[in-house]
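Fold and geometry: a report
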Amino acid sequence: MEYKHTLLPEALSGRGIAGYLVKVILDCAAARKLRVKPTCPYVKSYIDKHPEYQADSVFHGAKA
């Protein structure tokens, strides 16, 4: 599963919505046993900061 871009309206920034969205999509991928390819810089950064998702990320060592 490739995540290419995460975008929220500027008026919603700073509320933790993007982080919540990324957590939900990563949890859904994990529940379906899918590997993720975080080409979106925000998603990759989120995974960098949350090691529990790194085993499922192809940029963090998971097999595609």
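In the block above lies the structure referred to throughout.
Just so you know, the residues in each chain are numbered from 1, in the order the chain's sequence is written. Side-chain atom pairs in this predicted model are given and counted only at pLDDT of 80 or more, local residue features only at pLDDT of at least 70, and totals for whole chains, interfaces and linings cover all residues. Values reported for side chains reflect all heavy atoms of the structure, with hydrogen atoms and water molecules removed beforehand.

With that settled, consider helix α1 (residues 17-31). In a regular helix each residue adds 1.5 Å, so 15 residues correspond to 21 Å; α1 covers 21 Å between its end C-alpha atoms and thus fits that length. Among the residues making up α1, those that are buried are Ala-18, Gly-19, Val-22, Leu-26 and Ala-29. Seen end-on, α1 carries its buried residues on one side only, within an arc spanning 95 degrees. When the buried face of α1 is taken as reference, the exposed residues oriented beyond 90 degrees from it are Tyr-20 and Ala-31. Contacts between residues were defined by any pair of non-hydrogen atoms, one from each residue, lying within 4.5 Å. Strands here mean DSSP runs of E at least two residues long; helices mean DSSP runs of H or I at least four residues long; both are numbered from the N terminus. Lining the buried residues of α1 we find β1 (2-3) and α2 (41-49). Just beyond α1, the residue with positive phi is Lys-33, at close to 60 degrees. To estimate the expected span of a helix, count its residues, drop one, and scale the result by 1.5 Å. Residue burial is assigned from relative accessible area. The probe radius is 1.4 Å, only protein chains are included, and a residue is buried under 20% of its type maximum, exposed over 50%, and partly exposed in between. To be clear, the arc concerns the directions from the helix axis to the C-beta atoms.

Since the α-helix advances by 3.6 residues per turn, residues separated by three or four positions end up pointing in the same direction. Taken together, the buried positions of α2 are occupied by Val-43, Tyr-46 and Ile-47. Around the axis of α2, the buried residues are gathered within 95 degrees of arc, so they sit on the same side. In α2, the exposed positions angled more than 90 degrees off the buried face are occupied by Pro-41 and Lys-49.

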